[in-house]
Amino acid sequence: MSSVTANVLYQRRRRTNFTWFYFLFPSIAIMLVFFIYPILLTFLYSFTNLALTGEAAKELKFIGFDNYVHMWEDPTVRISIWNTLVFLMGSAVIGQQVLGFIIALLMKHKNRTFRRVIGTVVLAGWVTPEIVCALCLYSFFGDEGTLNMILEFFGISAVTWLYTVPMLTIILANIWHGTAFSMLVFQAALDDVPNEIEEAAVVDGASRWQILYRIVLPYIKQTITTNAMLVTLQTLGVFGLIYAMTGGGPGTSTTTLPIFMYNQAFVNYQLGYGTAISLLLLIMGVVLSLFYIRSVKE
């Protein structure tokens with residue numbers, strides 16, 4: 001092979017090796033502009049006294065770790081973290097996962113008409129915009145709402161749900177709003193479980209619970225973990241639903257990290273402190289993602 005031919009082949013192979021960059025460049029550019037840059041800017045602003053009003057609004061100053069020290073000493077931050085974890089566990093990890101799996105399991109061997117009707121009813125909550133969902137559930141749990149009307153019809157005294165059990169109301173609202181996603185994921189996973197395995201277990205005398213516990217759940221365990229990660233990360237950033245129903249109240253009983261971050265940044269106009277809280281929310285999401293990713297690998 002001549003040196004000219006070898007050089008041509010080398011140049012052609014070199015162009016081929018960099019071809020992937022031309023196809024990925026638009027995606028990389030979008031990620032840098034709309035994802036990496038905002039994170040870096042948020043990280044920078046968290047070390048400043050950035051504000052919309054007052055003396056701090058006149059001049060941007062670097063204040064070091066003052067925002068993080070203030071966040072460490074602020075009792076409302078600890079309350080918000082706890083409320084966020086309770087909301088995640090109740091509405092995402094337990095609520096949407098369990099209810100979505102139960103609905104998918106009950107629909108597994110049903111006819112197409114039954115699955116279509118039930119699926120449409122469940123999907124109605126998912127396709128409804130978050131703010132509309134919040135207003136519907138606010139009307140349902142309100143003092144003169146549908147739930148109290150039903151209770152009074154049976155002679156039971158009305159309950160101020162949004163003040164007595166506000167965390168429970170937003171958990172139930174988020175479950176109703178997001179369960180359809182888990183139902184669809186589990187429905188697809190359950191349809192992939194081979195019928196031959198279940199039929200063989202029935203012939204061997206296994207009960208329905210034994211088939212579920214020893215065959216179905218181990219077969220779809222990776223789907224369960226993946227769905228839990230997606231639902232958790234989606235629930236971690238829920239804002240409009242809680243803000244429209246309770247506004248984080250009464251008091252701080254439903255103040256999650258997104259609500260607290262909004263109040264500090266856009267109600268108290270302390271953008272620097274608000275960005276520090278947003279980084280705490282980001283770190284929580286990263287930690288949960290790593291936990292789920294490790295669980296999937298195992």
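Residues numbered from 1 in each chain as written. Predicted model: local features only at pLDDT ≥ 70, side-chain atom pairs only at ≥ 80, totals over all residues. Heavy atoms only, no water.

As annotated in an unreviewed UniProt entry, the chain is Sugar ABC transporter permease from Cohnella pontilimi. Under the heading Sequence similarities (unreviewed entry), UniProt records this for the chain: "Belongs to the binding-protein-dependent transport system permease family." On record in UniProt, under Subcellular location (unreviewed entry), the comment for the chain is "Cell membrane". (UniProt positions renumbered as here; feature names shortened; annotations may be inferred.)

Caption draft 1: Focus on the overall build of the chain. Regarding its fold elements, the chain presents 15 helices and zero strands. What you see for the chain is a C-alpha radius of gyration of 26 Å, clearly larger than the 19 Å of a compact globule of 298 residues, by over 25%. Across its three principal axes, the chain shows a C-alpha extent of roughly 90 × 70 × 30 Å. By the burial criterion, 36% of the 298 residues in the chain qualify as buried. Taking the contacts inside the chain whose residues are at least 6 apart along the sequence as the reference set, 69% of them involve residues at least 24 apart. Carbon together with sulfur atoms contributes 68% to the accessible area of the chain, which is approximately 18,400 Å² in total. Across the chain, the 17 positively charged side chains and the 16 negatively charged ones have centroids separated by 17 Å. (Helix = DSSP H or I, 4+ residues; strand = E, 2+ residues; numbered from the N terminus. Rg over C-alpha atoms; globule rule 2.2 N^0.38 Å. Buried < 20%, exposed > 50% of the residue type's maximum accessible area, 1.4 Å probe, protein only. Contact = heavy atoms within 4.5 Å. Areas by Shrake-Rupley, 256 points an atom, 1.4 Å probe, with all protein chains shown as cover. Lys, Arg positive; Asp, Glu negative; His and termini not counted. Charge placed at Lys NZ, Arg CZ, Asp CG, Glu CD.)

Caption draft 2: Molecular detail of the environment of leucine 282. Mapped onto the elements of the fold, leucine 282 is located in helix α15 (residues 271-297). Leucine 282 sits in the partly exposed class, given a relative accessible area of 35%. Separated by 116 residues in sequence, leucine 282 and proline 166 have C-alpha atoms that sit 25 Å apart.

Caption draft 3: Geometry of the packing of aromatic side chains. Scanning the model with the defined rule gives 15 aromatic pairs in all. Taking the centre distance of 5.8 Å and the plane angle of 55 degrees together, the rings of tryptophan 126 and phenylalanine 181 count as tilted. Taken together, the residues tryptophan 126 in helix α5 (residues 112-127) and phenylalanine 181 in helix α9 (residues 166-191) connect sequence positions 55 residues apart. Look at phenylalanine 140 and phenylalanine 141: their rings are 5.1 Å apart centre to centre, the planes differ by 85 degrees, and that puts the pair in the edge-to-face class. (Phe/Tyr/Trp six-rings, centres within 6.5 Å; stacked < 30°, edge-to-face > 60°.)

Caption draft 4: Fine view of the nonpolar core. Counting residues in each nonpolar core, the largest one holds 19 residues, and the members touching the most others are Phe87, Leu137, Phe141, Ile170, Leu241, Ile242 and Met245. Looking at this core, the elements with two or more residues in it are α6 (130-141), α7 (146-153), α8 (161-164), α9 and α13 (240-245). Examining the composition of this core, we find that five residues originate from one element, α9, more than from any other. Apart from residues no more than four positions distant in its own chain, phenylalanine 141 is found in contact with Leu147, Trp161, Leu162, Thr169, Leu172 and Met245. (Core = buried A, V, L, I, M, F, W, Y, C linked by side-chain atoms within 4.5 Å.)

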